[in-house]
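Listed below are the residues making up each chain.
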Amino acid sequence: MAEKKRIYLSCPTMHGEEQKFVQEAFDTNWVAPLGPNVTKFEEEMAAYTGCGHAAALSAGTAAIHLAVKLLGIKQDDVVFVSSLTFSATCNPISYEKAKPVFIDSEPDTWNMSPKALRKAFEKYPNPKAVVLVHLYGTPAKLDEIMEICAEHNVPLIEDAAESLGSTYKGQMTGTFGRIGIYSFNGNKIITTSGGGMMVSQEEALTKEATNLATQARDAARHYQHSKIGYNYRMSNVVAGIGRGQLIHIEEHKKIKNDIYKQYTNAFADIEDISMNPMNPDGDANNWLSCILLKEGCKVTPNEIMDALDAENIESRPIWKPMNLQPVFADCDFFSHNDEGISVGEDIFNRGLCMPSDIKNTPEDMELIINTVRKLFA
Ligand SMILES: *Cc1c(COP(=O)(O)O)cnc(C)c1O
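Every value quoted in this text rests on a predicted model; they were computed, and no experiment measured them. (Residues numbered from 1 in each chain as written. Predicted model: local features only at pLDDT ≥ 70, side-chain atom pairs only at ≥ 80, totals over all residues. Heavy atoms only, no water.)

**Describing the site of the ligand**
Step number 1: In the vicinity of the ligand, 14 residues are found, and the nearest of them are Thr-61, Asp-159, Glu-162, Ser-183 and Lys-188.
Step number 2: Between an oxygen atom of the ligand and a side-chain N or O atom of Asn-185, the distance comes to 3.5 Å.
Step number 3: Within the backbone of Gly-195, one N or O atom sits 3.5 Å away from an oxygen atom of the ligand.
Step number 4: For the ligand, whose accessible area on its own is 380 Å², the fraction buried by protein is 93%.
Step number 5: A per-class count over the shell around the ligand returns 4 nonpolar, 7 polar and 3 charged. (Near = heavy atom within 4 Å. Polar contact = N/O pair within 3.5 Å; in protein donor to acceptor, adjacent residues only side chain to side chain. Areas by Shrake-Rupley, 256 points an atom, 1.4 Å probe, with all protein chains shown as cover. Nonpolar A, V, L, I, M, F, W, Y, C, P; charged D, E, K, R; others polar.)

Below, the structure is given as structure tokens:
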């Protein structure tokens, strides 16, 4: 029997322009690290997001690490960070030997709970920063979070790795904080195979990020260094892929929105299934569509994953919250709930990321949907 076609969670979709920009890099021999594609990609990202300044980097993780450095976060400093996320959000805090303190999600958008954040400030009045994630592309409750940050005069870092193109009250996620970061990893809404970007309204910050990302060279003819630097810059070839992808981001977003709508409609009559909630003040890029099973539902996320797997369809558990990770067992955590398990743990237990690849055909979507529906028949 022929192998069943693989249906993906989210994988690269190339259009052709990417190759044109890469070809240009080859033709001009700008294969070496920096070059016109990097500068142009930064300008184009700054224009697209409406954030003044951008620094192209080797990964979203590198961008978060540099954000941590730029805000002067050092050993034993407390940093508040979303707990329901991918480990890359908080690992850079640990690179600097600072202390991540995890903040639970609220149930309305699955993002950082303002209530839990307030609890954290009661115990730790002087954190060095708040790192906020827009999970699966859904904008967080930015007004509430920003208000709390402003009250305590603490800078916000926005991890918008998953939410490029998502807006909150008409403004792009990633541009609200003092520093925002995006990722172009292989499964993100646009990809450069691997890469990241830092954005800020403060040019001094992106300039300093660029300097730190290129081994922190001082302005001298010889190689002089007054700081420890990194090799975190994006290459000119990779930036070419990014330029080609950025042309198509609105199209990617539209298809992701459609996928979310299709799942919403397809499962509307199944009481046990709801979709990941949207923020009414925002417009999400729907990077990944997720389902949430009702409490007490007899079907488990694992059974759905197994059924999809049997059809060669990729799905993924919800990120396991950072406060439940062995490596962060010693870190403090603030729950949204006053009793029982946290919101993040509950979503982890009952949720599942559905295949959200923009190349999925109507037939693919039908197979995915029917495979899930069968379990609820
Ligand atoms: C993908 C991702 C990152 C890391 O980005 P890389 O480019 O893979 O380093 C950080 N945070 C979140 C929430 C992500 O999903």
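So that's the structure; there's more coming.
**Here we look at the packing of helix 5 (residues 114–123) against helix 6 (residues 142–152)**
Step number 1: For the pair helix 5 and helix 6, the least separation of the axes is 9 Å and the interaxial angle reads 15 degrees. Relative to helix 6, helix 5 is oriented roughly parallel. Judged by the twist between their axes, the crossing of helix 5 over helix 6 is right-handed. Where helix 5 abuts helix 6, its residues Pro-114, Leu-117, Arg-118 and Phe-121 lie against Glu-144, Ile-145, Glu-147, Ile-148, Glu-151 and His-152. (Axes fitted to C-alpha atoms, helices over the stretch in contact; angles between N-to-C directions. Helix = DSSP H or I, 4+ residues; strand = E, 2+ residues; numbered from the N terminus. Parallel < 35°, antiparallel > 145°, perpendicular 65-115°, else oblique. Left-handed = near helix turned anticlockwise from the far one by under 90°. Contact = heavy atoms within 4.5 Å.)

**Re the sheet that holds strand 8 (residues 179–183)**
Step number 1: A sheet is described by the order of its strands in space; here 8 strands give the open sequence 1-9-8-5-4-2-3-14, paired in mixed fashion. This sheet does not close on itself; its edge strands, each paired only once, are strand 1 (53–57) and strand 14 (333–334).
Step number 2: Pairing analysis gives 3 bridges linking strand 5 (residues 156–159) to strand 8, with the strands arranged parallel. In the strand pairing of strand 8, Glu-158 is matched with Gly-180.
Step number 3: Here helix 2 (residues 36–49) sits on the sheet and contacts strand 1, strand 8 and strand 9 (196–200); the angle it forms with strand 1, its principal contact strand, is near 130 degrees. (Pairing = 2+ DSSP bridges.)

**With respect to the domain arrangement of the protein chain**
Step number 1: Entries for the protein chain in the domain assignment read domain 1 (17–246) and domain 2 (249–374).
Step number 2: Of note, the centres of domain 1 and domain 2, computed from C-alpha atoms alone, are 25 Å apart.
Step number 3: Of the residues lining the interface, 48 residues belong to domain 1; the matching set on domain 2 comes to 42 residues.
Step number 4: Taken over both partners, the interface formed by domain 1 and domain 2 buries close to 3900 Å², and the fraction arising from carbon and sulfur atoms is 60%.
Step number 5: When residues of domain 1 are sorted by the area they lose upon contact with domain 2, Trp-110, Tyr-136 and Ile-189 head the list and together hold 22% of the total.
Step number 6: Inspection of the region where domain 1 meets domain 2 yields 3 salt bridges.
Step number 7: Taking the shortest distance from any N to any O, the salt bridge between Lys-123 and Asp-332 comes out at 2.8 Å.
Step number 8: Scanning the region where domain 1 abuts domain 2 turns up 30 residue pairs in polar contact (both at pLDDT 80 or more).
Step number 9: Of all the secondary-structure elements, those providing two or more residues to the side of domain 1 that touches domain 2 are helix 4 (91–95), strand 3 (99–103), helix 5, strand 6 (167–168) and helix 8 (236–246). (Domains from an automatic or database assignment. Buried area = accessible area lost by both parts, 1.4 Å probe. Salt bridge = Lys/Arg side-chain N within 4 Å of Asp/Glu carboxyl O.)

**Some words on the sheet that holds strand 6**
Step number 1: Strand order across the open sheet formed by 3 strands is 7-6-11, with antiparallel pairing between neighbours. A single partner strand is all that each edge strand has here, and the edge strands are strand 7 (171–172) and strand 11 (282–283).
Step number 2: Pairing geometry for strand 6 and strand 7, over 2 bridges, is antiparallel. Opposite Tyr-168, over in strand 7, you have Gln-171 as the bridge partner.

**As for the pairing of strand 4 (residues 129–133)**
Step number 1: For strand 4, a buried count of 5 out of 5 residues is recorded, marking the element as mostly surrounded by other parts of the structure.
Step number 2: Here strand 4 shows two buried faces, one formed by Ala-129, Val-131 and Val-133 and the other by Val-130 and Leu-132.
Step number 3: With 3 bridges connecting them, strand 2 (residues 78–82) and strand 4 associate as parallel partners. Opposite Val-81, over in strand 4, you have Val-131 as the bridge partner.
Step number 4: Where strand 4 and strand 5 come together, 4 bridges link them in parallel fashion. Residue Val-131 lies in a different strand from strand 5, and its bridge partner there is Ile-157.
Step number 5: Once the chain exits strand 4 it traverses helix 6 before rejoining the sheet at strand 5, and the crossover so formed is right-handed. (Buried < 20%, exposed > 50% of the residue type's maximum accessible area, 1.4 Å probe, protein only. Right-handed = clockwise from strand over helix to strand, strands pointing away.)

**Regarding helix 3 (residues 60–70)**
Step number 1: Across the 11 residues of helix 3, 9 count as buried, placing the element largely inside the fold.
Step number 2: Listed in full, the buried residues belonging to helix 3 are Gly-60, Ala-62, Ala-63, Ile-64, His-65, Leu-66, Ala-67, Val-68 and Leu-70.
Step number 3: For helix 3, the elements touching its buried residues are strand 1, helix 4, strand 5, strand 8, strand 9 and helix 7 (203–213).

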